[in-house]
Amino acid sequence: MTAATIAFSGSRIDRADHIRQSPELLAGLMSHRARLLLLEGLDPVIGEDGALTWGSLADAAPDAELVFLGLSDERGCFAQVPAAGSVAPPNPRLWQALASLAAEDLATYGGARSMVDWHARHRFCARCGGATSLAKGGWQRNCGACKAEHFPRVDPVTIMLVEHQGNILLGRQPRFPAGNYSALAGFVEPGETIEEAVAREVFEEAGVRVRDVSYVMCQPWPFPSSLMIGCHAYADDPAVTIDKNELDDACWFTRAQVEDAMRAAQAGGKGEAFGAPPPFAVAHHLLNWWVRRG
Ligand SMILES: [Zn+2]
């Protein structure tokens, strides 16, 4: 598998760090054929051709903060930070729109969404409460009062397949569609490694002890700004104790059940035993990886 097959990865925009550092280069780019990614709040504006819509900087609100996404065909690409109060959480209409985008557009949108969302939520300094302003093309915010510098953050989340004698442990959260199961997941907490986070989350949610945690693949997830770190681990004792605050259910599925569910998921349906996560999700790719590994 290539990274580009994972949703929200594989943008072709050149991040051009040297331009972020230079107010002169940035100003030059903004005056010359610059492109603005059109957004409604945080949602994409999708054209009749099913692609993202780009305008010019003249389409931005006069007082809007602009994030420099990078270079494409020598042209600067920007996105506008939405006005306070114009940001809505992801809704079914958004998921439908994203499903129609080509992989490259999805990656460009995901990165831009995470960035402008971060700016919209960090207008005030976390240290002193003073107003902050955009700097370095949007890859930093500076506090006008205490001079603290703030940087866009990425939150690491572990997501893991736990294996016992050829079976895989999957769980379902209350918000999942009926019959759907996915890999267990949870945020990495301060002071722990990825391996420790995997072991802690699996024990907290399902009461299962794991060993030999290994990294498999990852996915940027722009809701709002996670990095999903896909892992695999083994369990020696399959006894499950479910944390009902986190999960509706967690249980073991056989290879044949997983293969069946993955075939059904490709066609947008559910398998006999369970519904697998959609191709959008890194859990889908993790299950494919496990099935192909044999
Ligand atoms: Zn401050």
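The following paragraphs examine the structure supplied in this document. Please read these numbers as outputs of a predicted model, since none were measured by experiment. (Residues numbered from 1 in each chain as written. Predicted model: local features only at pLDDT ≥ 70, side-chain atom pairs only at ≥ 80, totals over all residues. Heavy atoms only, no water.)

Considering helix H6 (residues 255-266)
Phase 1 of the analysis: Taking 1.5 Å per residue as the helical rise, H6 with its twelve residues ought to reach 16 Å, and the 17 Å between its terminal C-alpha atoms agrees with that figure.
Phase 2 of the analysis: Turning to H6, its buried residues are Val258, Ala261, Met262, Ala264 and Ala265. End-on view of H6: buried residues confined to an arc of 160 degrees, all on one side of the axis. Those residues of H6 that are exposed and angled more than 90 degrees off the buried face are Ala256, Arg263 and Gln266.
Phase 3 of the analysis: Against strand S15 (249-253) and helix H7 (282-293) lie the buried residues of H6. (Helix = DSSP H or I, 4+ residues; strand = E, 2+ residues; numbered from the N terminus. Expected span 1.5 Å × (residues − 1). Buried < 20%, exposed > 50% of the residue type's maximum accessible area, 1.4 Å probe, protein only. Arc of directions from axis to C-beta. Contact = heavy atoms within 4.5 Å.)

Quick word on the pairing of strand S7 (residues 132-135)
Phase 1 of the analysis: Both S7 and strand S8 (residues 140-143) contribute to a ladder of four bridges, which runs antiparallel. Among the inter-strand pairings, leucine 134 is bridged to a residue of S8, identified as arginine 141.
Phase 2 of the analysis: What sits between the antiparallel neighbours S7 and S8 is a turn of four residues, in which lysine 136 has the positive phi angle 50 degrees. (Pairing = 2+ DSSP bridges.)

Concerning the pattern of salt bridges
Phase 1 of the analysis: Inspection of every chain in the model, using the stated rule, returns 14 salt bridges.
Phase 2 of the analysis: The closest approach of N and O atoms between glutamate 65 and arginine 141, which form a salt bridge, is 3.0 Å. Separated by 76 residues along the polypeptide, glutamate 65 in the loop between strand S4 (54-56) and strand S5 (66-72) and arginine 141 in strand S8 bring together distant segments of the chain.
Phase 3 of the analysis: Looking at glutamate 65, the relative accessible area reads 21%, which means it is partly exposed.
Phase 4 of the analysis: Among the ionic pairs, aspartate 117 bridges to arginine 121, the shortest N-O distance being 3.2 Å. Linking aspartate 117 with arginine 121, this pair stays in helix H4 (residues 103-121), spanning four residues, or about one helical turn.
Phase 5 of the analysis: Aspartate 117 sits in the buried class, given a relative accessible area of 8%. (Salt bridge = Lys/Arg side-chain N within 4 Å of Asp/Glu carboxyl O.)

A closer look at empty space enclosed by the protein
Phase 1 of the analysis: Here the structure, examined in full by the defined rule, presents one cavity of 30 Å³ or more.
Phase 2 of the analysis: Estimated volume of the largest cavity: approximately 40 Å³.
Phase 3 of the analysis: Forming the boundary of the largest cavity are Gly171, Arg172, Gln173, Phe176, Ser182, Ala183, Leu184, Ala185, Glu205 and Leu247.
Phase 4 of the analysis: Among the elements of the structure, strand S11 (167-172) and strand S12 (184-187) are those that each provide at least two residues to the lining of the largest cavity.
Phase 5 of the analysis: When the residues that make up the lining of the largest cavity are grouped by side-chain class, the tally is five nonpolar, three polar and two charged. (1 Å grid on protein atoms, 1.4 Å probe; cavity = no way out; pocket = protein on both sides within 12 Å on 5 of 7 lines; lining within 4 Å. Points joined across faces, edges and corners; volume = space filled by probe spheres on them. Nonpolar A, V, L, I, M, F, W, Y, C, P; charged D, E, K, R; others polar.)

A few points about the pairing of strand S14 (residues 226-235)
Phase 1 of the analysis: Within S14, eight of the ten residues are buried, which leaves it mostly tucked inside the rest of the structure.
Phase 2 of the analysis: Where strand S10 (residues 155-164) and S14 come together, nine bridges link them in parallel fashion. Bridge pairing in S14 links glutamate 163 to tyrosine 234.
Phase 3 of the analysis: The pairing of strand S13 (residues 210-221) with S14 spans nine bridges and is classified as antiparallel.

A few points about the coordination of the zinc ion
When a metal holds four donors in a tetrahedron, each ideal angle between them is 109.5 degrees; when it holds six in an octahedron, the ideal angles are 90 or 180 degrees.
Phase 1 of the analysis: Distances from the zinc ion to its protein donors, Cys125 (SG), Cys128 (SG), Cys143 (SG) and Cys146 (SG), fall within 2.3 to 2.4 Å.
Phase 2 of the analysis: One way to put it: the four donor atoms around the zinc ion meet at angles of 98 to 116 degrees, and that makes the site tetrahedral.
Phase 3 of the analysis: Spacing between the donor residues of the zinc ion along the chain follows C-x2-C-x14-C-x2-C. Taken as a pair, cysteine 128 in the loop between H4 and S7 and cysteine 146 in the loop between S8 and strand S9 (149-150) lie far apart in primary sequence, 18 residues in all. (Donors = N, O, S within 2.8 Å, 3.2 Å for Na, K, Ca; no water. Tetrahedral: all angles 85-135°; square planar, octahedral: opposite > 155°, others 65-115°.)

Description of the sheet that holds S4
Phase 1 of the analysis: In space, the four strands of this open sheet follow the order S4-S1-S6-S5, with mixed pairing throughout. Among the strands making up the open sheet, the edge pair consists of S4 and S5. Within this sheet the neighbouring strands show an average axis-to-axis angle of 35 degrees, counted without direction.
Phase 2 of the analysis: As defined by bridge partners, strand S1 (residues 35-37) adjoins S4 across three bridges and the pair is classed as antiparallel. Looking at S4, one finds that leucine 36 is bridged to glycine 55.
Phase 3 of the analysis: Contacts from helix H2 (residues 23-30) reach S5 and strand S6 (75-80) within the one sheet, and its direction differs from that of S5 by about 80 degrees. (Axes fitted to C-alpha atoms, helices over the stretch in contact; angles between N-to-C directions.)

Some thoughts on the environment of arginine 292
Phase 1 of the analysis: Counting through the fold element by element, arginine 292 comes out in helix H7.
Phase 2 of the analysis: Classification of arginine 292 as exposed rests on a relative accessible area of 57%.
Phase 3 of the analysis: Considered as a pair, arginine 292 and histidine 122 are 170 residues apart in the sequence and their alpha carbons are 43 Å apart.

Structural notes on the packing of aromatic side chains
Phase 1 of the analysis: One pass over the full model with this rule turns up eleven aromatic pairs.
Phase 2 of the analysis: Between tyrosine 181 and phenylalanine 253, the aromatic rings sit 5.1 Å apart at their centres with planes inclined by 70 degrees, giving edge-to-face as the arrangement. Placement of the pair is tyrosine 181 in the loop between S11 and S12 and phenylalanine 253 in strand S15, with a sequence separation of 72 residues. Residue tyrosine 181 shares its accessibility class with phenylalanine 253, and that shared class is buried.
Phase 3 of the analysis: Here the aromatic residues Phe8, Trp95, Trp221, Phe223 and Phe280 are joined through ring pairs into a cluster of three or more. (Phe/Tyr/Trp six-rings, centres within 6.5 Å; stacked < 30°, edge-to-face > 60°.)

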